[in-house]
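# Chain and residue survey
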Amino acid sequence: MASVSVDEAMRRAIDLAARGLGTTSPNPVVGCVLLDADGEVVGEGFHAYAGGPHAEIVALAQAGTRARGGTAVVTLEPCDHTGRTGPCSHALIAAGVSRVVIAVPDPNPVASGGAATLRAAGVQVALGVRAQEAEVGNVAWLTSMRRGWPYLIWKYAATLDGRSAAADGTSMWITSEAARIDVHALRGTVDAVLAGVGTVLADDPRLTARNLRDGTMAIRQPLRVVVDSSGRTPADARVRDGAARTWVATAAEVGAGPDGRVDLAALLAELHHRGVRAALLEGGPTLAGAFLAAGLVDKIVGYVAPKLLGAGPTALLDAGVTTIADAIDLEITDVTRVGPDLRITALPRKREA
Ligand SMILES: NC(=O)c1ccc[n+]([C@@H]2O[C@H](COP(=O)([O-])OP(=O)(O)OC[C@H]3O[C@@H](n4cnc5c(N)ncnc54)[C@H](OP(=O)(O)O)[C@@H]3O)[C@@H](O)[C@H]2O)c1
């Protein structure tokens, strides 16, 4: 096989890492490519699920003795601690790898230190190769580890004139089946799905990740979280159906903000504590407004249907904006047609303090 450059190998490692998206949490996604001393690929691996072998271990097992004197190209600094598996830094040293090329350092204080251990053992270490791309691939995990609360995606569905329901309250279905299938795939990539009690009372959603065509449940279900200050979620609500874990987060349990409602920052901190790294906020407009006003939303995914209603509730209520100068500015990062609808992905621009 022809030899490949370290840069090409990192590109491949980033692609491999992406295969673990949605199944590795609370661990990161990681990919690894092992090159022998001639630069030939002799092993590849990615971290597939928490508790399973790390990317480096999978690649080392493939490479066997050909790893000796070679280069390990890995998207995240190899771990240096014994968790459910042993330290990857030690495994790389034991295999006789002479160089380790890393995209992004590990921000997790429990697992970091792999680069230092490798250097101390005489292994050459290079950091920062294709770091930006690797950051994007691991953005939810890296963001949540650095600041201590989950990466929060607000998803909504609306008509072209921004309505989330008609004047009589009917809202099923604003968007197409294709868009709803897309949403279920999105649910499958996060650790928790959040909705306000208003949505639970109005729509009685299941909030599970399913195959919409045959109803089968995804193997890994996100934690369902109802944000419900005074515990109004009915005993027979579908979110309590046992199909997935559910947490009705009340102000008594989480803490209350100045308005007596659930303290949203405390809620996110508690979710982080429970291992949630990426969360999907599915509504409705009151809760979404409160999260946006607090600056707690990292990404917005809007499904916009080619329909007009002219009246009815809007997709977003009070987000703390009263004048145009205070509008929440967004950077649109993707626009994709999903069936007849548009999926618009945007990032809120950071506001000046
Ligand atoms: N188109 C869409 O994408 C979409 C998505 C979801 C829902 N919806 C629609 O939205 C409608 C329901 O709207 P909604 O605004 O009543 O629902 P919501 O935003 O899901 O729930 C609002 C409730 O959340 C609770 N809450 C707890 N802590 C809060 C906090 N810190 N800040 C704000 N709220 C907090 C409040 O009740 P307590 O104070 O009692 O806790 C509040 O009334 C339904 O008709 C549904 O169809 C549309």
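Attention here is on the structure that accompanies the text.

The rules behind each value
- Residues numbered from 1 in each chain as written.
- Predicted model: local features only at pLDDT ≥ 70, side-chain atom pairs only at ≥ 80, totals over all residues.
- Heavy atoms only, no water.
- Helix = DSSP H or I, 4+ residues; strand = E, 2+ residues; numbered from the N terminus.
- Rg over C-alpha atoms; globule rule 2.2 N^0.38 Å.
- Buried < 20%, exposed > 50% of the residue type's maximum accessible area, 1.4 Å probe, protein only.
- Areas by Shrake-Rupley, 256 points an atom, 1.4 Å probe, with all protein chains shown as cover.
- Lys, Arg positive; Asp, Glu negative; His and termini not counted.
- Charge placed at Lys NZ, Arg CZ, Asp CG, Glu CD.
- Phe/Tyr/Trp six-rings, centres within 6.5 Å; stacked < 30°, edge-to-face > 60°.
- Lys NZ or Arg CZ within 6 Å of the ring centre and 35° of its normal.
- Contact = heavy atoms within 4.5 Å.
- Disulfide = S-S within 2.5 Å.
- Near = heavy atom within 4 Å.
- Polar contact = N/O pair within 3.5 Å; in protein donor to acceptor, adjacent residues only side chain to side chain.
- Axes fitted to C-alpha atoms, helices over the stretch in contact; angles between N-to-C directions.
- Parallel < 35°, antiparallel > 145°, perpendicular 65-115°, else oblique.
- Nonpolar A, V, L, I, M, F, W, Y, C, P; charged D, E, K, R; others polar.
- Pairing = 2+ DSSP bridges.

This paragraph deals with the overall build of the chain. Looking only at helices and strands, the chain has eleven helices and 13 strands in total. For the chain, the C-alpha radius of gyration of 23 Å lies close to 20 Å, the compact-globule estimate for 353 residues. Dimensions of the chain along its principal axes, counting C-alpha atoms only, are 70 × 45 × 45 Å. Relative to its full complement of 353 residues, the chain shows a buried share of 47%. In the structure as shown, the chain presents an accessible area of about 16300 Å², 54% of it carried by carbon and sulfur atoms. Within the chain, one finds 34 positive and 37 negative side-chain charges whose respective centroids are separated by 3 Å.

Evaluated as defined, the whole model comprises one aromatic pair. Where Trp154 meets Tyr156, the ring centres are 4.6 Å apart and the plane angle is 25°; that geometry is what we call stacked. For Trp154, a relative accessible area of 5% gives the class buried. Across from the ring centre of Trp173, 4.2 Å away, lies the NZ or CZ of Arg180, which sits over that ring. Note that Arg274 overlies the ring of Trp247, its terminal NZ or CZ placed 3.9 Å from the centroid.

A word on the environment of Gly52. The residue Gly52 is located in the loop between β2 (41-46) and α2 (55-63) in this model. Considering only alpha carbons, one finds Gly52 and Leu186, 134 residues apart in sequence, at a separation of 23 Å. Contact partners of Gly52, with chain neighbours within four places excluded, come to His47 and Thr85.

Following the criterion strictly, the structure yields zero disulfides and no others. The thiol of Cys32 is unpaired, and the distance to the nearest cysteine sulfur, on Cys88, comes to 8.5 Å. Free of any disulfide, Cys88 has its nearest neighbouring cysteine sulfur in Cys79, separated by 3.8 Å.

Near the ligand lie 24 residues; those nearest to it are Thr199, Asp203, Ser229, Gly284 and Thr286. The backbone of Gly198 places a nitrogen or oxygen atom 3.1 Å from an oxygen atom of the ligand. Here Thr199 contributes a side-chain N or O atom positioned 2.6 Å from an oxygen atom of the ligand. When the ligand is considered free in solution it has 910 Å² of accessible area, and contact with the protein chains removes 85% of it. Take the shell around the ligand: its biggest share by element is five residues, from helix α8 (residues 197-203).

For the rest of this paragraph, the subject is the packing of helix α10 (residues 264-273) against helix α11 (residues 285-293). Contact pair α10 / α11: the axes reach a minimum separation of 10 Å and the direction vectors enclose 90°. It follows that α10 is roughly perpendicular to α11 by the angle criterion. Here Leu264, Leu267 and Leu268 of α10 come into contact with α11, specifically with Leu287, Ala290 and Phe291. Its residues placed into classes, the contact of α10 with α11 shows six nonpolar, no polar and no charged.

Within helix α6 (residues 139-147), burial applies to Ala140, Trp141, Leu142, Thr143, Ser144 and Met145. Those residues of α6 that are buried lie in contact with β3 (71-76), β4 (99-104), α5 (131-137), β6 (151-159), α10 and β10 (278-281). The positive-phi residue at the C-terminal boundary of α6 is Gly148, with phi of around 90°.

Read across the sheet, eight strands follow the order β9-β8-β7-β10-β6-β11-β13-β12 without closing on themselves; strand pairing throughout is mixed. Of all the strands in the sheet, the pair left with one neighbour each is β9 (246-249) and β12 (330-338). Averaged over all adjacent pairs, the angle separating strand axes in this sheet is 20°, with direction ignored. The strands that α6 touches are β6 and β10; relative to β6, the one it contacts most, it runs at about 130°.

Turning to the environment of Ala252, a few remarks are in order. You can see Ala252 is positioned in helix α9 (residues 251-254). Taking relative accessible area as the criterion, Ala252 reaches 78% and is therefore assigned exposed. Along the chain, Ala252 and Gly45 lie 207 residues apart, while their C-alpha atoms are 45 Å from each other.

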